[in-house]
Amino acid sequence: MAEKITVNNGILNVPDHPIIPLIEGDGVGVDITPVMTTVVDAAVAKASGGKKKIEWKPILAGEKAIAKTNELLPQESIDAIQEYVVSIKGPLTTPVGGGFRSLNVTLRQVLDLYACVRPVKWYPGIPNPMKQPEKLNVKIFRENTEDVYAGIEWDAGSAEANKLIEFVASMGKKIRPNSAVGIKPISEFGSKRIVRAAIHNAMKYGLSKVTLVHKGNIMKFTEGGFRKWGYEAAKEFSNTVTEEEVAKGASAEGKIIVNDRIADSMFQQLLLRPDEYQVLATMNLNGDYLSDAAAAQTGGLGIAPGANINYQTGVALFEATHGTAPKYAGQDKVNPGSLLLSAVMMLRYMDWKTAADLVENAFQKTIDQKIVTYDLSRQMEGAQEVRCSEFGDAIIRNMD
């Protein structure tokens, strides 16, 4: 009998037959989501000897929700994500310039999924632009609810924008007339919460370095505040030491070194000295840029996993990190890797590690055999190009 996942003091209680809400997604969601569920079902069955099984619960968001309910994000779907704790979704459409604000951002804010977690590493055999892609292996913890993505902005010429421009002028600061205006909130609460999550993750996986990424040299009170509050949060842990303290002779043995880097420098660091970094904690916009840029170094967003998590409530929404690619929808063509590897994250979050390892190891074995979708085959000599569903079938065959 299928049951709900529950949470007790931040710890998940996962039954053998959990109910997991599933948003198919727009565009190529129709192709990649069925492949993901088929592969995960096979791994769970194999890992548990048939004792465990996920009950997928389809819920609506995006274009399909509009068609059926005339709402982009029905309250019923939001309630289901919260009620069933662990969910996963395909890509959702976000228009540029006008219309509705990003559904991804809305879900993160409404459900307070404050940590966008993006592990970035190279799978051998995946084409990429780097000489030594294996040196990059980082986890990016991006604050999900604040910064310029909070959505506090007004159109140029609007009464609200003009009023804010006048108010800023009364405090001695100048904004050009007819400007669109946005506000960038960065709080002590949000900053410390994401940094604590990053440090806890480093502790859980035996990592030794957490880096705060910011532009505090220019934005001294918002991003500078993030840096200050991040270091304060680090001091709450007995097993942390700052890079500055180590330089002065403090021992780093058995401890997590906490340091910080200016955001633009961090891009260069990931290119030139990637093996010096393990966990990055950053604000919303910087984290968005960094995670996509890092993914490009290891093969692109087509195989980049991601999750949005509230570690206090336990609610987690795993997702494909790429767009909807509507021109390929229904062609059984695109790479399902991003959603598959996000499902691997989901299984590990549920503590179903054996099933997670089965999927990830079989994914690597399939790449080793050069059985790949079109996006990778055109970059790999001697590759066997297969459809999206056939790629999933190959992964299932390769499960040891």
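Because the structure is predicted, anything quoted here is derived from the model rather than measured. (Residues numbered from 1 in each chain as written. Predicted model: local features only at pLDDT ≥ 70, side-chain atom pairs only at ≥ 80, totals over all residues. Heavy atoms only, no water.)

(A) How the structure looks around the layout of surface pockets. Each pocket or cavity is described by its volume, and for the largest pocket that value is around 1200 Å³. It is helix H6 (residues 188–204) that contributes the most residues to the lining of the largest pocket, 6 residues altogether. In terms of residue class, the lining of the largest pocket is built from 24 nonpolar, 9 polar and 10 charged. (1 Å grid on protein atoms, 1.4 Å probe; cavity = no way out; pocket = protein on both sides within 12 Å on 5 of 7 lines; lining within 4 Å. Points joined across faces, edges and corners; volume = space filled by probe spheres on them. Helix = DSSP H or I, 4+ residues; strand = E, 2+ residues; numbered from the N terminus. Nonpolar A, V, L, I, M, F, W, Y, C, P; charged D, E, K, R; others polar.)

(B) Focus on H6. Given a rise of 1.5 Å per residue, 17 residues ought to cover 24 Å, and the 24 Å separating the end C-alpha atoms of H6 matches this to within 8%. Along H6, the residues classified as buried are Gly190, Ser191, Lys192, Arg193, Ile194, Val195, Ala197, Ala198, Ile199, Asn201 and Ala202. Immediately beyond the C-terminal end of H6, within one or two residues, lies Gly206, with a positive phi of roughly 70°. (Expected span 1.5 Å × (residues − 1). Buried < 20%, exposed > 50% of the residue type's maximum accessible area, 1.4 Å probe, protein only.)

(C) Summary view of the sheet that holds strand S15 (residues 316–320). The sheet built from 11 strands is open, its strands ordered S4-S3-S5-S15-S14-S6-S7-S13-S10-S12-S11 with mixed pairing. Lying at the two open borders of the sheet, with one neighbouring strand each, are strand S4 (55–58) and strand S11 (240–242). Here the strands of the sheet are splayed against their neighbours by 25° on average, with no regard to which way each runs. Examined bridge by bridge, S11 and strand S12 (residues 256–262) share 3 bridges and lie parallel to one another. Looking across to S12, one finds that Thr240 is bridged to Ile256. Where helix H3 (residues 75–84) meets the sheet, its contacts fall on strand S3 (19–23), S4 and strand S5 (86–89), and the angle it forms with S3 comes to roughly 145°. (Pairing = 2+ DSSP bridges. Axes fitted to C-alpha atoms, helices over the stretch in contact; angles between N-to-C directions. Contact = heavy atoms within 4.5 Å.)

(D) Main features of the packing of aromatic side chains. For the structure on display, the rule yields 5 aromatic pairs. Both rings, one in Tyr114 and one in Tyr311, keep their centres 6.5 Å apart while their planes meet at 65°; by these two values the pair is edge-to-face. Here Tyr311 lies in the loop between strand S14 (305–309) and S15 and Tyr114 lies in the loop between helix H4 (103–110) and strand S6 (115–121), a separation of 197 residues in the sequence. The exposure class assigned to Tyr311 is partly exposed, which follows from its relative accessible area of 27%. Ring plane angle 80° and centroid distance 5.2 Å describe the contact between Tyr123 and Phe363, whose orientation is recorded as edge-to-face. A residue pair is termed long-range when its members are at least 10 positions apart, and Tyr123 in the loop between S6 and strand S7 (137–143) and Phe363 in helix H12 (residues 353–368) qualify at 240 residues. (Phe/Tyr/Trp six-rings, centres within 6.5 Å; stacked < 30°, edge-to-face > 60°.)

(E) Molecular detail of H12. For H12, built from 16 residues, the straight-helix expectation of 22 Å at 1.5 Å per residue is met to within 8% by its first-to-last C-alpha distance of 22 Å. Those residues of H12 that fall on the buried side of the exposure criterion are Ala355, Ala356, Leu358, Val359, Glu360, Ala362, Phe363, Gln364, Thr366 and Ile367. On its buried face, H12 is in contact with helix H1 (29–48), S6, helix H11 (337–349), strand S16 (371–372), helix H13 (374–377) and helix H14 (388–397). Backbone geometry just after H12 places Lys370 at a positive phi near 60°.

(F) Here's a closer look at the pattern of salt bridges. On inspection of all chains with the given rule, the structure shows 22 salt bridges. The shortest N-O distance in the salt bridge between Asp260 and Arg227 comes to 3.1 Å. With Asp260 in strand S12 and Arg227 in helix H7 (residues 223–234), this residue pair connects regions lying 33 residues apart in the sequence. Among the ionic pairs, Lys353 bridges to Asp351, the shortest N-O distance being 3.7 Å. Each of the salt bridges in this network shares a partner with another, and the network as a whole consists of Lys121, Arg348, Asp357 and Glu360. (Salt bridge = Lys/Arg side-chain N within 4 Å of Asp/Glu carboxyl O.)

(G) Broad picture of the pairing of S5. By the alternation rule, side chains of S5 split into Val86 and Ile88 and Ser87 and Lys89, which are all buried. Pairing geometry for S3 and S5, over 2 bridges, is parallel. Note on S5: the bridge partner recorded for Leu22 is Ile88.

(H) Structural detail: the side chain of Asn201. With respect to the secondary-structure elements, Asn201 resides in helix H6. Taking relative accessible area as the criterion, Asn201 reaches 12% and is therefore assigned buried. Not counting chain neighbours up to four residues away, the residues in contact with Asn201 comprise Lys139 and Phe141.

(I) Representation of the environment of Pro124. Examined against the element boundaries, Pro124 turns out to sit in the loop between S6 and S7. Each C-alpha atom, one on Pro124 and one on Lys365, is 9.7 Å from the other, the two residues being 241 residues apart in sequence. Other than its neighbours up to four places away in sequence, Pro124 contacts Gln364, Ile367 and Asp368.

(J) View of the packing of H12 against H14. As a packed pair, H12 and H14 sit with axes 8 Å apart at the nearest point and diverge in direction by 110°. By the angle between their directions, the pair H12 and H14 is classed as roughly perpendicular. Where H12 crosses over H14, the handedness of that crossing is right-handed. Facing Val359, Ala362, Phe363, Thr366 and Ile367 of H12, the residues of H14 in contact are Phe391, Ala394 and Ile395. Of the residues in the contact of H12 with H14, the class split is 7 nonpolar, 1 polar and no charged. (Parallel < 35°, antiparallel > 145°, perpendicular 65-115°, else oblique. Left-handed = near helix turned anticlockwise from the far one by under 90°.)

(K) Main features of the pairing of S6. The buried fraction of S6 is high, at 5 of 7 residues. The sheet contact formed by S6 and S7 spans 7 bridges and is antiparallel. By the bridge assignment for S7, Pro119 is matched with Lys139. Judged from the 3 bridges that link them, S6 and S14 form a sheet pairing that is antiparallel. Note that in S14 the partner of Ala115 across the bridge is Ile309.

These figures come from the coordinates and say nothing about function on their own.
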